[in-house]
Amino acid sequence: MSRSPVVSLDSLELDTLSHGETFEARMGRIGPVIGMEQLGAMLTIVPPGKRAFPYHRHHIIEEAILILQGEAEYRYGDQVYPARAGDVIAAPAGAEAQAHQLINTGQEELRYVCFSTMQKTDVVEYPDSNKVGAITWSDESGEGDGVLFRHRAYAREVDYWEGEE
């Protein structure tokens, strides 16, 4: 049986992600449902006053975000931009000036689709908490249990030979 190249956003299976009073979102992967392997797509629904993810920047993966419903502030580097339904937002990989985060500032749910490149490995920095993370998937999809390696830690510079005998 072949997979349909068409899916309704209303029919996606949604998972909930939340942490404390700040972070909450329901998310549904689109890419794998319609057979995409090199382009990721995920529906994200964020309640008023919340954000889905910490402020972060990717070193490898690029993202483009299409706002479907609601209003938000887009933290991008040291700037803040208003965003609303119909806007498309860039989140390229790169330097600290590309760190980003969407915050629902409206009175209704913020709904958006985030499209991303699907490389096998990424490094992500979290400037607000001084963490860094690295992840490698077993295939380009980055889906499900395909994680080969994941590590997050507080960023601190160490000498290459530290701990080696």
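Overview of the structure. (Residues numbered from 1 in each chain as written. Predicted model: local features only at pLDDT ≥ 70, side-chain atom pairs only at ≥ 80, totals over all residues. Heavy atoms only, no water.)

1. Examining unusual backbone geometry
Part 1 of the argument: Positive phi, close to 60 degrees, is recorded for Asn130, a residue that is not glycine.
Part 2 of the argument: In this fold, Asn130 is placed in the loop between strand 11 (121-126) and strand 12 (131-137).
Part 3 of the argument: On the basis of relative accessibility, which here comes to 44%, the residue Asn130 falls in the partly exposed class. (Helix = DSSP H or I, 4+ residues; strand = E, 2+ residues; numbered from the N terminus. Buried < 20%, exposed > 50% of the residue type's maximum accessible area, 1.4 Å probe, protein only.)

2. With respect to the packing of aromatic side chains
Part 1 of the argument: With the rule as written, the count across this model stands at two aromatic pairs.
Part 2 of the argument: Centroid distance Tyr74 to Tyr76: 5.6 Å. Interplanar angle 20 degrees. Geometry classified as stacked.
Part 3 of the argument: Ring centres 4.6 Å apart and planes at 85 degrees place the aromatic pair Tyr160 and Trp161 in the edge-to-face group.
Part 4 of the argument: Given the relative accessible area of 67%, Tyr160 is considered exposed.
Part 5 of the argument: Stacked on the ring of Tyr55, the Lys or Arg Arg75 has its end atom at 3.7 Å from the ring centre.
Part 6 of the argument: The ring centre of Tyr126 lies 5.4 Å from the NZ or CZ of Lys131, which sits over that ring. (Phe/Tyr/Trp six-rings, centres within 6.5 Å; stacked < 30°, edge-to-face > 60°. Lys NZ or Arg CZ within 6 Å of the ring centre and 35° of its normal.)

3. Looking at the pattern of salt bridges
Close approach of charged atoms lets side chains of opposite charge pair.
Part 1 of the argument: Under the defined criterion, the tally for this structure stands at five salt bridges.
Part 2 of the argument: Residue Glu109 is joined to Arg26 by a salt bridge in which the shortest nitrogen-to-oxygen separation is 2.7 Å. With Glu109 in the loop between strand 9 (100-104) and strand 10 (110-117) and Arg26 in strand 2 (residues 23-29), the pair connects residues that are 83 residues apart, well separated along the chain.
Part 3 of the argument: A residue is classified by how much of its surface remains accessible, and Glu109, at 28% relative accessible area, is partly exposed.
Part 4 of the argument: Residue Glu125 pairs with Arg57 through a salt bridge whose shortest N-O separation is 2.7 Å. Placement of Glu125 in strand 11 and of Arg57 in strand 4 (residues 57-58) is noted, with a sequence separation of 68 residues between them.
Part 5 of the argument: In this structure Glu125 comes out as partly exposed when scored by relative accessible area, which is 23%. (Salt bridge = Lys/Arg side-chain N within 4 Å of Asp/Glu carboxyl O.)

4. Considering the nonpolar core
Part 1 of the argument: Val46, Ile65, Ile67, Ile89, Leu102, Leu110 and Tyr112 are the most contacted members of the largest nonpolar core, which totals 16 residues.
Part 2 of the argument: Put simply, the parts of the chain that give this core at least two residues each are strand 2, strand 3 (39-46), strand 5 (63-69), strand 6 (71-76), strand 8 (88-91) and strand 10.
Part 3 of the argument: The greatest single-element share of this core, amounting to three residues, is contributed by strand 10.
Part 4 of the argument: If near-sequence neighbours (up to four positions away) are discounted, Leu102 is found in contact with Arg51, Ala52, Ile65, Ile67, Ala72, Glu73, Tyr74, Ile89 and Tyr112.
Part 5 of the argument: With six residues, the next largest nonpolar core counts Leu12, Ala41, Ile45 and Val113 among its residues. (Core = buried A, V, L, I, M, F, W, Y, C linked by side-chain atoms within 4.5 Å. Contact = heavy atoms within 4.5 Å.)

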